[in-house]
Amino acid sequence: MPAIARPQPTRRARAAAAWAALTIAALAVGLGAGCATTDGAGGASEVRTASDLTDAERRARVRVELASNYFARGQTETALDEIKQALAAKPDFADAFNLRGLVYASLGDMRLAEESFRRALELAPRDGETMHNWAWVMCQQRRYAEADAMFARALELPNYRGVTRTLLARGVCQAREGRYELAERTLARSYELDPSNPATGFNLAEVLLRLGQYERARFYIGRVNAVPEQVNAQTLWLAARIEHKLGNATGVADYGRQLRGRFPQSPEAAALESRRFDD
């Protein structure tokens, strides 16, 4: 498909897109998979496939998929309109309320965000994706204890498919709270399960830097930067900061040269020029 010109996104759109990048993949996985029905005791029974869906359920799923795509592009109003249409077709669609919570959180309306997440969990009490997303929203609000408890609830679910992603988010949240030793253990577990995830390697290296474990930090960020597609201003700056702590002036100069050459307008390049290695 040929590229088309689009106006530059607003700050609100960029913020919404950032939220979406952190959370939307899980929702897409949930929509694409079969949904297990439950019996009265909460046990799993027969898996429902596409042929079992009613017309209303199909319409609702399509609307939520469209809303997910709009949200990922920062088009929050359009996403909300699609969610409204999904709920008009299926008022008890938990995925729609889950996404609604993310959209309102990205817009800063925490009352409606929490209302949406609560409703999603009323409809699907054992939905780990909603727990993950709500926990991440609470982390952004610095409600660290509540966020950690919600992440734990998701991780305790049997057969939860988002374990590595939730461990990553939980570890990042723990680090934001300053609980670096706990964050290191959480992120290390996520890394064991998925060593190919550059976000996990990056955050683990950052935590190890703060713990003074510079050689280990060098190892993890080195693996991230070894893959050209994963290299960005943040990964190069973190590597330079680690080399600075190790007293390796040659390493600092090498990463600094790459940072200036490839990302000259980045905040990280500005920090390098000011030699703010301890920020």
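Coordinates for the structure precede this section.
Everything quoted here is computed from the prediction, not taken from an experiment. (Residues numbered from 1 in each chain as written. Predicted model: local features only at pLDDT ≥ 70, side-chain atom pairs only at ≥ 80, totals over all residues. Heavy atoms only, no water.)

Asks: Give me the lowdown on the overall build of the chain, citing residues and values where you can.
Replies: Helix and strand counts for the chain stand at 14 helices and two strands. Looking at the 279 residues of the chain, the share that counts as buried comes to 45%. When the accessible surface of the chain is summed, it comes to about 14,800 Å², and 51% of that surface belongs to carbon and sulfur atoms. (Helix = DSSP H or I, 4+ residues; strand = E, 2+ residues; numbered from the N terminus. Buried < 20%, exposed > 50% of the residue type's maximum accessible area, 1.4 Å probe, protein only. Areas by Shrake-Rupley, 256 points an atom, 1.4 Å probe, with all protein chains shown as cover.)

Asks: Summarise the layout of surface pockets; cite the residues concerned and give the values.
Replies: Here the second largest pocket is characterised by a volume of approximately 870 Å³. Residue lining of the second largest pocket: 34 residues in total, with Val172, Arg176, Ala199, Phe202 and Asn203 positioned closest to the centre. Secondary structure elements with two or more residues in the lining of the second largest pocket: α1 (11-32), α6 (128-140), α8 (163-176), α9 (180-193), α10 (198-210) and α12 (233-245). The element best represented in the lining of the second largest pocket is α8, accounting for eight residues. The residue makeup of the lining of the second largest pocket, split by class, is 16 nonpolar, 10 polar and eight charged. (1 Å grid on protein atoms, 1.4 Å probe; cavity = no way out; pocket = protein on both sides within 12 Å on 5 of 7 lines; lining within 4 Å. Points joined across faces, edges and corners; volume = space filled by probe spheres on them. Nonpolar A, V, L, I, M, F, W, Y, C, P; charged D, E, K, R; others polar.)

Asks: Go over the state of the cysteines with me, naming the residues and quoting the values.
Replies: Every disulfide links exactly two cysteines, by a covalent bond between their sulfur atoms. One pass over the structure, following the stated rule, counts one disulfide. For cysteine 139, the disulfide goes to cysteine 173, at an S-S distance of 2.3 Å. Here the disulfide of cysteine 139 and cysteine 173 is right-handed, its torsion about the S-S bond being about 120°. Of this pair, cysteine 139 sits in helix α6 while cysteine 173 sits in helix α8, and the two are 34 residues apart along the sequence. (Disulfide = S-S within 2.5 Å.)

Asks: Outline α12, listing residues and values.
Replies: Here α12 contains 13 residues, and its C-alpha end-to-end distance of 19 Å stays within 8% of the 18 Å for a straight helix at 1.5 Å per residue. Where burial is concerned, most of α12 is hidden: 10 out of the 13 residues are buried. Regarding α12, the residues found buried are Ala233, Thr235, Leu236, Trp237, Leu238, Ala239, Ala240, Arg241, Ile242 and Glu243. Considering only its buried residues, α12 is in contact with α10, α11 (214-225), α13 (249-262) and α14 (267-273). Two or three places before glutamine 234, at the opening of α12, asparagine 232 has a side-chain oxygen 2.9 Å from that residue's backbone nitrogen. (Expected span 1.5 Å × (residues − 1). Contact = heavy atoms within 4.5 Å. Polar contact = N/O pair within 3.5 Å; in protein donor to acceptor, adjacent residues only side chain to side chain.)

Asks: Describe the packing of α6 against α8, with residues and values.
Replies: One can describe the packing of α6 onto α8 by two numbers: an axis separation of 10 Å at closest approach and a directional angle of 15°. Our classification of the angle between α6 and α8 gives roughly parallel. Relative to α8, the crossing made by α6 is left-handed. Here Glu129, His132, Asn133, Trp136, Cys139 and Gln140 of α6 come into contact with α8, specifically with Arg165, Thr166, Ala169, Val172, Cys173 and Arg176. (Axes fitted to C-alpha atoms, helices over the stretch in contact; angles between N-to-C directions. Parallel < 35°, antiparallel > 145°, perpendicular 65-115°, else oblique. Left-handed = near helix turned anticlockwise from the far one by under 90°.)

Asks: Got a sec to walk through the packing of aromatic side chains? Specific residues and values, please.
Replies: Scanning the model with the defined rule gives four aromatic pairs in all. Chaining the aromatic ring pairs together yields one cluster made of Tyr191, Phe219 and Tyr220. (Phe/Tyr/Trp six-rings, centres within 6.5 Å; stacked < 30°, edge-to-face > 60°.)

Asks: I'd like a rundown of unusual backbone geometry, residues and numbers included.
Replies: Even without glycine at this site, arginine 142 takes up a positive phi of about 65°. Secondary-structure assignment places arginine 142 in the loop between α6 and α7 (144-155). The backbone phi angle of arginine 275 is positive, close to 55°, even though this residue is not glycine. Tracing the backbone through its elements, the reader meets arginine 275 in the segment after α14. The exposed category is assigned to arginine 275, whose relative accessible area is 55%.

Asks: Which residues make up the environment of arginine 165, and what values do they have?
Replies: With respect to the element layout, arginine 165 can be found in helix α8. C-alpha separation for the pair arginine 165 and alanine 199, spaced 34 residues apart in sequence, amounts to 9.8 Å. A distance of 2.3 Å separates a polar atom in the side chain of arginine 165 from a polar atom in the side chain of glutamate 129.

Asks: Account for the nonpolar core, with residues named and values stated.
Replies: Within the largest apolar cluster, 70 residues are counted, with the highest numbers of intra-cluster contacts made by Ile83, Leu99 and Ile221. Not counting residues up to four positions away in its chain, the partners in contact with isoleucine 83 are Ala67, Ala96, Leu99, Arg100 and Val103. (Core = buried A, V, L, I, M, F, W, Y, C linked by side-chain atoms within 4.5 Å.)

Asks: Please provide a residue-by-residue account of the environment of alanine 239, values included.
Replies: On the secondary structure map, alanine 239 appears in helix α12. With near-sequence residues (within four places) excluded, alanine 239 lies in contact with Ile221, Asn225 and Tyr255.

Asks: Explain the packing of α11 against α12 residue by residue, including any values.
Replies: Axis separation between α11 and α12 bottoms out at 10 Å; the angle between their running directions is 155°. Comparing their axes, α12 and α11 come out roughly antiparallel. Both α11 and α12 take part in a crossing whose hand is left-handed. For the pair α11 and α12, the contacting residues are Tyr214, Ala217, Arg218, Ile221, Val224 and Asn225 in the first and Thr235, Leu236, Leu238, Ala239, Ile242, Glu243 and Lys245 in the second. For the contact of α11 with α12, the class distribution of residues is eight nonpolar, two polar and three charged.

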